[in-house]
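Structural characterization, general
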Amino acid sequence: MKPAPFTYHRPASVREALELLARYGADAKPVSGGQSLGPMLNMRLARPAHLVDLNDLLELDYVRNTGGVIEIGGLTRHHRVASAPEIGRDLPLLAEAAATIGHYAIRQRGTLGGSLVHADPAAQLPLVAVTLGAEVVLRSAKGERSVPADEFVQSIMTVDLADDEIVTAVRFPQQLADEGSAFDLFSRRHGDFAIVSVALTLRLDPAGAICALRLGLGGVGPVPQRQTGVEQEAIGCLPDAETAARLARAAAAAITPEDHPQVPAAYRRELVETLTARAFLRAAKRAGVTA
Amino acid sequence: MTTETPFTHIGKPLPRKEDRRFLTGKGRYLDDVVLPGALQVSFVRAPHAHARIAAIDTEAARALPGVLGVFTGRDLAQWTAPLRLAPPIEGLHPVEMTTLPIDKVRFHGDPVAVVVARDRYVAEDAAELVEVSYEPLPCVADTAAALAPGAPLVDDTLPDNLVSHQSFRAGDPVARRAEAARVVEARFDLHRHTHVPMETRGCLADWDAGRSHLTMHIGTQAPHPMRSQLAARMGLTETQVTVISPDIGGGFGQKIALYREELTVAALSRHFGRPVRWREDRLENLTSASHARETHCVTRAAVRADGRILGLELDLTEDFGAYCFYPANYMARVIAMILTGPYRISDYAFDVKVVLTNKCGNGPMRAPMAITSWVMEGTIDAVARELGLDPVEVRRINAVRPADLPFTMPTGEVLEDVTPLETLEAAVAAIDVPAFRARQAQARAEGRLLGLGLCTVVESTTYGSEFYKAAGIPGSGHEAAWVRIEPSGAVNASVGVMGSGQGYETPLAQAVAEGLGVTPDMVNVHMGHTDIAPYGMGSRGARGATAGGGTLYLCAQKAAEKVLAIAAGMLNLNDAQGLRLQDGQVERRLEDAWQATGVSLADVARRAYLDPTALPEGIAPGLDVSLTYDPPAMTYSNSTHACEVEIDPATGRIAIARYVVAEDCGTVLNPLVVKGQQQGAVGMGLSGALFEEVIYDESGQNLTATLADYLVATACELPNIEILPMHTPNRKTPAGIKGMAEGGIMGSIGVIAGAVNDALAPLGVTAEQMPLSPQRMRALMRGAGNFTYGTSFSDPGTTAHDTTTHGTPGNSDGRTGRA
Amino acid sequence: MSTPVPISLVVNGEAHDLVVPPRKLLSDVLREDLNLTGTHVGCEHGVCGACTILIDGRPARACLTYAVQLEGHELTTIEAVAEGDTLSPLQQALHEEHGLQCGFCTAGIVMTFEAYLRENPAPSEAEVRDVLSGNLCRCTGYQNIVTAVLKAAEAMRGGRGA
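Residues numbered from 1 in each chain as written. Chains lettered and ligands numbered in written order. Predicted model: local features only at pLDDT ≥ 70, side-chain atom pairs only at ≥ 80, totals over all residues. Heavy atoms only, no water.

Side note on the overall build of chain B
The helix and strand inventory of chain B stands at 21 helices and 30 strands. Computed over its C-alpha atoms, the radius of gyration of chain B comes to 28 Å, within 12% of the 28 Å expected for a compact globule of 819 residues. Burial status across chain B gives 65% buried among its 819 residues. Restricting the contact set of chain B to residue pairs at least 6 apart, pairs at least 24 apart contribute 80%. If you sum the accessible surface of chain B, you get close to 26900 Å²; carbon and sulfur atoms cover 51% of it. (Helix = DSSP H or I, 4+ residues; strand = E, 2+ residues; numbered from the N terminus. Rg over C-alpha atoms; globule rule 2.2 N^0.38 Å. Buried < 20%, exposed > 50% of the residue type's maximum accessible area, 1.4 Å probe, protein only. Contact = heavy atoms within 4.5 Å. Areas by Shrake-Rupley, 256 points an atom, 1.4 Å probe, with all protein chains shown as cover.)

Looking at the packing of helix α3 (residues 106-119) of chain C against helix α4 (residues 125-132) of chain C
All names here are of chain C. Their axes nearest at 10 Å, the elements α3 and α4 cross at an angle of 130 degrees. Taken as axis vectors, α3 and α4 run oblique relative to one another. For α3 against α4, the interelement crossing comes out right-handed. From α3, I109, T112, F113 and Y116 reach across to α4, where they touch E127, V128, V131 and L132. Per-class residue counts for the contact of α3 with α4 are six nonpolar, one polar and one charged. (Axes fitted to C-alpha atoms, helices over the stretch in contact; angles between N-to-C directions. Parallel < 35°, antiparallel > 145°, perpendicular 65-115°, else oblique. Left-handed = near helix turned anticlockwise from the far one by under 90°. Nonpolar A, V, L, I, M, F, W, Y, C, P; charged D, E, K, R; others polar.)

Details of the interface of chain A and chain B
Residue-level contacts link 32 residues of chain A with 40 residues of chain B. Here chain A and chain B share an interface that buries about 3200 Å² over both sides, 57% of which is from carbon and sulfur atoms. If you sort the residues of chain A by the area they bury against chain B, A:R188, A:R189 and A:R278 come out on top, with a joint share of 27%. The interface formed by chain A and chain B contains six salt bridges. Salt-bridge contacts for B:R778 lead to A:E270; the nearest nitrogen and oxygen are separated by 2.8 Å. (Buried area = accessible area lost by both parts, 1.4 Å probe. Salt bridge = Lys/Arg side-chain N within 4 Å of Asp/Glu carboxyl O.)

Comments concerning the interface of chain C and chain B
Contact residues are listed per partner, giving 49 residues for chain C and 62 residues for chain B. For the pair chain C and chain B, the summed buried area comes to about 4700 Å², and 56% of that belongs to carbon and sulfur atoms. Linking chain C with chain B are three salt bridges, by the criterion used here. Residue C:R31 pairs with B:D32 through a salt bridge whose shortest N-O separation is 2.7 Å. For the pair chain C and chain B, the number of links is 28 residue pairs in polar contact (both at pLDDT 80 or more). When residues of the side of chain C that touches chain B are traced back to their parent elements, those giving at least two are α1 (26-33), α2 (89-96), α3, α4 and α5 (143-159) of chain C. Classifying every residue of the side of chain C that touches chain B gives 18 nonpolar, 18 polar and 13 charged. (Polar contact = N/O pair within 3.5 Å; in protein donor to acceptor, adjacent residues only side chain to side chain.)

Digging into the nonpolar core
Residues and elements named next belong to chain B. Of all hydrophobic cores here, the largest spans 173 residues; its most connected members are I752 and M777. The dominant element in this core, judged by the number of residues it contributes, is helix α20 (residues 743-760), at 10 residues. Apart from residues no more than four positions distant in its own chain, M777 is found in contact with I647, G652, I654, V756, L760, A767 and L772. (Core = buried A, V, L, I, M, F, W, Y, C linked by side-chain atoms within 4.5 Å.)

Description of unusual backbone geometry
Of the consecutive residues B:L405 and B:P406, the connecting peptide bond is found in the cis state with omega at -10 degrees. Here B:P406 shows up in the loop between α12 (391-398) and β18 (407-408). Omega for the peptide link from B:M770 to B:P771 comes to 0 degrees, which places this bond in the cis form. Its place among the elements puts B:P771 in the loop between α20 and α21 (774-784). The backbone of B:S212 sits at a positive phi, close to 50 degrees, despite the residue not being glycine. Examined against the element boundaries, B:S212 turns out to sit in the loop between β11 (202-208) and β12 (213-218). With relative accessibility at 30%, the residue B:S212 sits in the partly exposed group. If you check the backbone angles, C:D56 has positive phi at about 50 degrees while not being a glycine. Mapped onto the elements of the fold, C:D56 is located in the loop between β3 (52-55) and β4 (58-61). Assessed through its relative accessible area of 42%, C:D56 is described here as partly exposed.

Some thoughts on the environment of B:M746
Residues and elements named next belong to chain B. As for its placement among the helices and strands, M746 is situated in helix α20. The exposure class of M746 is buried, given its relative accessible area of 0%. For M746 and A509, which are 237 residues apart along the polypeptide, the C-alpha to C-alpha distance reads 29 Å. Aside from chain neighbours lying at most four places away, what touches M746 is I338, A367, M369, A370, T372, S373, W374, C455, V457, V458 and E459.

Here we look at the side chain of B:Q440
Within the secondary structure layout, B:Q440 lies in helix α14 (residues 433-445). Within polar-contact distance, the side chain of B:Q440 engages the side chain of B:D758 at 2.9 Å.

Here we look at the pairing of strand β3 (residues 67-72) of chain B
Residues and elements named next belong to chain B. Counting buried positions over the six residues of β3 gives five, a clear majority of the element. Two elements, β3 and strand β7 (residues 111-117), share five bridges in a ladder whose sense is antiparallel. Counted as the bridge partner of V67 is A117 from β7. (Pairing = 2+ DSSP bridges.)

Quick look at the domain arrangement of chain B
As a measure of interface size, the accessible area lost when the parts come together is often cited. Here chain B is described as being made up of domain 1 (19-25 + 478-629), domain 2 (33-137 + 200-248 + 255-289), domain 3 (138-196 + 290-401) and domain 4 (417-460 + 634-819). Placing a centre on the C-alpha atoms of domain 1 of chain B and another on those of domain 3 of chain B gives a separation of 45 Å. (Domains from an automatic or database assignment.)

Focus: the pattern of salt bridges
Using the criterion set out here, one finds 89 salt bridges over all chains in the structure. B:E128 is the salt-bridge partner of A:R44, the closest N and O atoms lying 2.7 Å from each other. Residue A:R44 is found in the loop between α2 (37-42) and β3 (50-53), and its partner B:E128 is found in helix α4 (residues 120-129); the two belong to separate chains. As a salt-bridge pair, A:R171 and A:E144 come within 3.7 Å of each other at their nearest N and O atoms. Of this pair, A:R171 sits in strand β10 (residues 166-173) while A:E144 sits in strand β7 (residues 143-148), and the two are 27 residues apart along the sequence. Salt bridges sharing partners connect three or more residues here, namely B:R45, B:R120, B:E124, B:R201, B:E261, B:E280, B:D281 and B:E284.

Some words on the confidence of the model for chain C
Regions with low pLDDT should not have their predicted coordinates read in detail. On average, residues of chain C score 96 in pLDDT, and 97% of them reach the 70 mark or higher. Note on the complex model: pTM 0.96, ipTM 0.97. (pLDDT = per-residue confidence, 0-100.)

A few points about helix α11 (residues 372-387) of chain B
Residues separated by three or four positions in an α-helix point in the same direction, a consequence of the helix having 3.6 residues per turn. Residues and elements named next belong to chain B. Given a rise of 1.5 Å per residue, 16 residues ought to cover 22 Å, and the 23 Å separating the end C-alpha atoms of α11 matches this to within 8%. Where burial is concerned, most of α11 is hidden: 14 out of the 16 residues are buried. Just downstream of α11, G388 is the residue with a positive phi angle, here 65 degrees. (Expected span 1.5 Å × (residues − 1).)

Side note on the domain arrangement of chain C
Residue and element names in this part refer to chain C. Assigned domains within chain C: domain 1 (5-80) and domain 2 (89-159). If you look at the interface, domain 1 gives 18 residues, while domain 2 gives 15 residues. For the pairing of domain 1 and domain 2, the buried interface totals around 1200 Å² over both sides, and the portion due to carbon and sulfur atoms is 60%. Seen at the junction of domain 1 and domain 2, the total is one salt bridge. E119 is paired through a salt bridge with R58; the nearest N and O atoms lie 2.7 Å apart. Taken together, the connections running from domain 1 to domain 2 amount to five residue pairs in polar contact (both at pLDDT 80 or more). Elements that contribute at least two residues to the side of domain 1 that touches domain 2 include exactly β3 and β4. Residues that form the side of domain 1 that touches domain 2 fall into these classes: eight nonpolar, eight polar and two charged.

Spelled out as structure tokens, the structure:
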């Protein structure tokens with residue numbers, strides 16, 4: 001299980017990296033943490049002629065709060081996302097989700113940009129990015145653009161990324177201090193890709209009723225899905241077990257998962273129902289009352 | 001360990017000698033053995049489950065720089081003899097296979113060609129360039145398809161796919177049915193597993209053209225049988241082959257047979273006159289090394305109203321895969337033979353079918369008879385359920401009692417010095433069944449699913465030569481050892497078993513130390529090198545302690561006799577009466593006390609080697625003693641596993657709340673090592689019962705070729721295990737050793753099924769199929785209805801010490817904390 | 001296009017000048033070019049954890065990294081954990097608690113926890129199991145490894161006077 005041959009490039013700056021990608025186009029593949037690409041290369045499921053290593057681009061490893069928007073560099077490792085105090089405070093949903101990615105050693109290497117570009121349908125970070133309405137910042141030698149996360153992730157392992165582009169950053173709207181959020185997933189073993197994952201945020205009005213709710217589901221289709229119907233249904237409801245059950249049923253009814261011999265559609269629906277309810281109740285407990 | 005034993009060194013929990021090298025990265029596993037100029041190979045494997053090989057075009061691969069050659073089944077057939085398995089066993093078809101397939105491939109992963117190159121990267125580049133034209137054939141992916149009339153033949157030389165079929169009857173189980181209050185039928189489906197040693201297979205073959213000699217470096221559990229096989233298949237004598245097994249990164253039964261890839265590599269080394277090496281990659285290991293289990297059983301128990309079993313019938317079907325590296329009845333036979341285990345059943349019949357399919361061939365995997373205890377205990381639980389009886393009482397009423405011993409099972413197997421009723425009572429007491437039942441009743445009222453399982457295991461161990469003779473299997477169960485005291489008094493010893501990670505070096509040194517009268521640190525036990533070790537039968541079937549340790553112990557005792565005879569001469573005594581060797585010093589019994597004589601083992605050794613004319617008359621020079629020993633046909637250990645689970649009704653996840661094992665494996669050489677084996681076996685059994693599964697689709701494609709798909713349990717899924725050790729010596733073996741290390745698999749599979757089904761009882765459904773995946777749990781619940789679940793939003797968590805959510809480690813519920 | 005390239009690697013504090021093909025896995029370079037065979041290869045797809053080493057003090061899979069990527073970084077392997085004949089507290093605890101059997105996964109586990117215990121000197125059992133879940137062990141059932149890590153953590157805290 002050894003990779004096919006490739007030529008290795010180690011750009012020292014973003015500009016140099018983008019020039020290399022512009023030059024080699026589809027023959028090149030950028031690598032950062034390598035925790036998803038590495039196995040694909042070793043199994044020869046990916047065989048780029050040129051490997052462009054982004055690991056020296058330390059200018060892409062950062063967390064920056066720019067007035068209500070938390071911008072995180074594409075090369076920021078999962079372990080930092082999971083454990084940086086400012087992310088825990090300003091983006092608790094992201095921190096909670098990042099802590100569940102793979103295993104400890106995997107999180108030391110894997111990066112935010114890499115996870116988004118890989119776009120596994122069950123991955124944590126695309127789901128959180130979609131749920132929170134993040135913007136993915138892409139750059140090529142020609143310039144920079146930003147794409148809403150739900151448009152960036154197009155299909156199974158397919159994203160809106162040209163051959164000469166890299167993800168330089170992701171801009172997350174800062175979670176509000178009174179917002180409750182919760183991430184949950186179900187996998188056969190600890191650390192495996194989820195069968196189903198749920199990301200949920202909610203806010204309560206002064207009367208204690210829900211005034212805003214976001215619900216994203218992973219593992220139920222080719223890409224993470226916001227459940228806007230369920231979100232609207234929640235408005236004005238009390239954050240109690242009854243609402244949890246109702247919204248969870250609605251979420252389960254809203255999806256059309258694939259029927260797979262090992263994971264029947266009915267089972268995925270049941271997981272969505274359970275995990276949604278559990279995440280809802282946890283988020284509700286964490287929500288403060290709006291002043 | 002505070003148990004009183006008559007031993008000085010046997011039974012001491014000494015930490016292992018081999019640890020230091022493993023902990024510091026200084027172990028020597030196969031890939032750490034380097035021979036300059038070694039060539040590397042990569043195998044080309046079939047993408048089809050069943051296909052004719054129309055043509056193989058190797059031109060492009062050969063043209064790649066760095067490639068020395070590409071070879072196919074036809075080449076290998078010129079260099080090696082096929083494997084023919086034709087033991088005289090009634091109902092078993094003889095089979096034969098070439099070293100690599102020539103006409104057709106029989107499973108997804110079958111090797112069809114081999115590339116030889118200067119390095120592994122290039123070998124893999126070239127393997128991609130080998131073009132094989134296949135004509136796909138219809139395949140049989142399960143036993144039902146394989147046994148259907150007109151089914152495609154997996155092996156074209158056989159009349160059908162039923163490669164082995166045996167029946168047996170003792171007493172009259174059909175008549176017992178007529179007398180019974182009820183005939184309880186139960187079904188058990190144990191899925192396909194694979195061994196997953198952390199170190200995959202591999203070998204380094206080194207042909208010495210000048211001496212016409214093959215040295216095969218290979219992690220093998222059975223070096224001498226491996227040498228015999230290699231010599232026979234390559235047309236060499238056993239003087240021309242040396243097998244050297246370095247440290248082994250786990251075997252679990254996968255490293256016994258001489259596989260086709262290994263023989264190919266040996267033949268290539270001879271062909272090129274250069275060392276050739278192969279390291280199996282993990283994809284190959286999961287798809288093409290060896291699989292195991294996939295056993296389907298149906299039992300019919302004829303029972304009295306009080307649960308007493310009058311007669312028992314077993315129908316067993318095993319899906320054996322495409323190739324036989326072992327006689328096809330090998331594993332299934334043991335299941336049928338010991339099924340009744342700890343219970344007094346005399347009217348018993350079995351019908352055992354072994355079927356070829358287009359999957360990777362089966363072999364023994366730690367507990368070849370893994371399903372046995374699940375089948376027996378599951379039958380008992382089914383009896384209890386159908387008759388509304390207490391499952392503990394049904395066990396008690398049927399159990400072999402102390403007064404029944406020695407007890408002859410209906411198949412003729414004799415149980416001696418076993419304590420199944422005692423382990424049952426110990427486990428029942430430890431887990432506190434009445435307290436659990438109270439908790440369970442309350443939990444059920446709240447809509448929660450708690451369950452308790454019990455599983456008593458009678459584990460066949462050791463397998464003496466009489467077993468092989470009776471089974472008709474070529475081979476033997478005896479073992480051989482030598483003990484050499486060198487001129488300095490240092491002690492070397494050797495035996496034919498070969499550990500694959502269990503930690504033989506320390507317990508076997510303890511056996512030698514005990515028998516000889518030295519300390520274990522003075523003893524070095526050499527294993528795995530066929531020019532050094534005596535011809536032994538290797539490690540399998542939990543024979544390391546009884547056969548390996550027992551033989552060394554007896555051999556060391558024999559050496560001690562000679563040492564003391566020489567010492568007697570040095571002390572001017574007529575004979576060795578009243579002398580003993582203790583910690584390397586000769587002592588003499590005077591006035592009821594052992595007293596120093598001032599003569600040490602080193603003094604004796606010096607005389608034996610360097611001053612032989614001073615030896616007593618009739619004593620030959622040197623201190624070099626060897627011995628062979630044939631243990632009883634079978635020895636038995638026994639245990640009872642008890643386990644408490646909770647099933648999350650919402651997700652189907654099974655959490656293990658508590659796990660207890662009461663185990664009696666006789667005299668143990670080293671309780672630390674034994675405990676490690678007990679924990680490891682339970683862990684492996686649970687991993688298999690709950691997570692692992694080799695999955696083939698209907699076209700015979702293996703869907704579990706990576707460790708992300710074949711799910712070996714991690715530290716978050718396995719429980720802590722409480723062990724209640726018991727030690728009833730076997731009176732027929734040296735030092736009373738019984739052997740162990742496979743029973744934990746049998747017990748854990750049985751007990752988890754029992755616990756899950758107890759939890760599911762209020763729903764009126766029973767899990768009959770493994771693995772006990774959450775999907776399967778939910779499917780059963782979905783089909784049941786009629787149970788008011790508690791609020792499904794409180795997550796009962798996974799296994800007790802696990803985190804309640806993945807994101808926030810640290811929420812241990814405290815039960816399993818070891819503070 | 002896979003022409004070998006010269007690289008300089010710092011492993012266990014020692015600099016090595018090598019010429020390796022860019023595609024050569026770090027695990028293979030450590031083992032074959034530097035003769036550091038304590039790092040084991042168990043799956044080459046990042047799941048089993050046997051090849052875990054430290055890159056700049058953080059655990060990483062050597063099988064998912066190419067040696068050519070690591071010029072300018074500090075690598076640490078199992079060979080550098082013991083000081084002379086003295087085992088580290090973690091190695092010592094694994095020995096005493098019988099936290100290893102075949103030893104093939106052991107180096108990866110030691111490397112993972114040498115790093116983790118520096119980050120979290122007082123882990124709970126659940127935290128130890130969470131981290132250990134990235135290393136597969138087929139022999140032990142994990143119980144004694146968990147016990148050993150907790151024991152080592154305690155010993156290391158005591159040693160620092162914490």
